[in-house]
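Observations on the model geometry
One letter stands for each residue in the lines below.
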Amino acid sequence: QVQLVESGGGLVQAGGSLRLSCAVSGDRFTSMGLAWFRQSPGKEREFVAGISRGLATGYADSVKGRFTISRDSAENTVDLQMNSLKPEDTSIYYCAARRLAFYSTVESQYDFWGQGAQVTVSS
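The structure contained in this document is the topic of the report that follows. Counting restarts for each chain, with residues numbered from 1 along the sequence as it is written. Selection of residues for local features in this predicted model requires a pLDDT of at least 70, selection of side-chain atom pairs for listing and counting requires 80 or more, and totals for whole chains, interfaces and linings are taken over all residues. Hydrogens and water molecules were not included; the side-chain quantities draw on all heavy atoms of the structure.

**A few points about the overall build of the protein**
Applied cut-off: Secondary structure elements are defined from DSSP: runs of H or I of at least 4 residues count as helices, runs of E of at least 2 residues count as strands, and each element is numbered from the N terminus. Only C-alpha atoms enter the radius of gyration, while the globule expectation follows 2.2 Å times N to the 0.38, with N the number of residues. Relative accessibility decides the category of a residue: with a 1.4 Å probe and only protein chains considered, values under 20% of the type maximum give buried, values over 50% give exposed, and everything between is partly exposed. Contacts between residues were defined by any pair of non-hydrogen atoms, one from each residue, lying within 4.5 Å.
What the protein contains, in helices and strands, is 0 helices and 11 strands. What you see in the protein, going N to C, is helices and strands ordered as β-β-β-β-β-β-β-β-β-β-β. By the compact-globule yardstick of 14 Å for 123 residues, the protein fits well, its C-alpha radius of gyration being 13 Å. Across the 123 residues that make up the protein, the buried fraction comes to 45%. Within the protein, residue pairs in contact and separated by at least 24 positions form 60% of the contacts whose partners lie at least 6 positions apart.

The following block contains the structure:
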């Protein structure tokens, strides 16, 4: 069974930075597509960034140029570096993994989810 555990959330002022990390257990890590999603109260969960087994990446337009996703096969982690944070980035951030090699922007195509990490950006 694959388990995902996020860490690194918190409170930051607008313009600041945070780094989220997700530890992925199990032996499937190197073959999996990985992503970060976020969900704010009253809104649907939305795609933030994804990374494939071959290190291809993709980002939502709202975070492009500010967020960077990366993966470390030695540590079995997927990280999200968030710079130039804005109050509208306030959300619960979830990491997700799927059994296929390429990431997807569609929530329902992921097989495993973390418990979520709160990110709050004050103005």
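**Quick look at the nonpolar core**
Just so we agree on the cut-off: Within this scheme, the nonpolar core is defined by two criteria: the residues are buried Ala, Val, Leu, Ile, Met, Phe, Trp, Tyr or Cys, and they are joined through side-chain atoms within 4.5 Å.
Among the nonpolar cores identified, the biggest contains 29 residues, and W36, L80, M82 and Y93 are the most heavily contacted of them. Those elements that place two or more of their residues in this core are β3 (18-24), β4 (33-39), β5 (46-51), β7 (67-72), β8 (77-82), β9 (91-98) and β11 (117-122). Looking at this core element by element, the count peaks at 4 residues for β3.

**Focus: the environment of T57**
Within the secondary structure, T57 is located in strand β6 (residues 57-59). Considering only alpha carbons, one finds T57 and K86, 29 residues apart in sequence, at a separation of 22 Å.

**Comments concerning the sheet that holds β3**
Rule in force here: When DSSP finds two or more bridges between two strands, those strands count as paired. For helices, the fitted axis covers only the stretch in contact; all axes are lines through C-alpha atoms, and the angles between them, taken along N-to-C directions, range from 0 to 180 degrees.
Within the open sheet, the 4 strands sit side by side as β1-β3-β8-β7. Their pairing is antiparallel. Looking at strand neighbours, the two that pair on one side only are β1 (4-7) and β7, the edges of this open sheet. Taken over all neighbouring pairs, the strand axes of this sheet differ in orientation by 15 degrees on average, direction set aside. Inspection of the sheet shows β3 paired to β8 by 6 bridges, in the antiparallel sense. Each residue of the ladder has a partner; that of L20, found in β8, is L80.

**A look at the environment of S52**
Following the sequence through the fold, S52 ends up in the loop between β5 and β6. Spatially, the C-alpha atom of S52 lies 18 Å from that of Q3, the residues being 49 residues apart in sequence. Once residues within four sequence positions are removed from consideration, S52 is found in contact with M32, R71, A101, F102 and Y103.

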